[in-house]
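Chain and residue survey
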Amino acid sequence: ESKIDLLTEEIGFTKKECIAMLKKEPYLLSRSRYRLWSTYNGLVNAGIPSKFALTILKASPRILLYGSREIARNTMDRLKAMGFEENEILRLLKKHPNFLTTINLSENVAEINRIFLSYGFEEPDIIRIFERAPQITGSN
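Residues numbered from 1 in each chain as written. Predicted model: local features only at pLDDT ≥ 70, side-chain atom pairs only at ≥ 80, totals over all residues. Heavy atoms only, no water.

Now for the overall build of the protein. Tallying secondary structure elements over the protein gives 9 helices and 0 strands in all. Secondary structure elements in the protein, listed N-terminal to C-terminal, are α-α-α-α-α-α-α-α-α. Relative to the globule expectation of 14 Å for 140 residues, the C-alpha radius of gyration of the protein, 16 Å, shows essentially globular dimensions. In terms of principal-axis extent, the alpha carbons of the protein reach across some 55 × 25 × 20 Å. The burial tally for the protein puts 44% of its 140 residues in the buried class. Partitioning the contacts of the protein with sequence separation of at least 6, the portion at a separation of at least 24 is 72%. (Helix = DSSP H or I, 4+ residues; strand = E, 2+ residues; numbered from the N terminus. Rg over C-alpha atoms; globule rule 2.2 N^0.38 Å. Buried < 20%, exposed > 50% of the residue type's maximum accessible area, 1.4 Å probe, protein only. Contact = heavy atoms within 4.5 Å.)

Within the secondary structure layout, F116 lies in helix 8 (residues 105–118). A C-alpha to C-alpha distance of 10.0 Å links F116 and I129, two positions 13 residues apart in sequence.

What follows concerns the pattern of salt bridges. If you walk through the whole model with that rule in mind, you get 2 salt bridges. Here R33 makes a salt bridge to E10, at a shortest N to O gap of 2.9 Å. Of this pair, R33 sits in helix 3 (residues 33–45) while E10 is found in helix 1 (residues 2–11), placing the two residues 23 residues apart along the sequence. What makes E10 partly exposed here is its relative accessible area of 44%. (Salt bridge = Lys/Arg side-chain N within 4 Å of Asp/Glu carboxyl O.)

Geometry only, nothing functional implied.
Structure follows, in structure tokens:
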């Protein structure tokens, strides 16, 4: 009950949204209140607007299960370092919110970026590639 109150009263989901999220990811109830709050707060602290954070969490509640404050910060920092503007990052996260659950995304992105640069790709081209085929970040 206290976790549902956290999701609805403190984070800002409606009860209907909360129920839908729990249907998608019932294991959310296994997370502590602290971990749920910390993950949500980490998204906001990483530079994701709170309304947008709610939107992507509704689309992919697994972020509350497998994401963390550190993953959000590292992912945002890495994408910004690659040259993504804030609106491009938000557009990418809207399409692929599970980026925020990928622990090694920042290392993969850095390595893939390095490889593209070594072959002569320019930063805007690399950004377009990541936007069109983000699944390459899961490649070895």
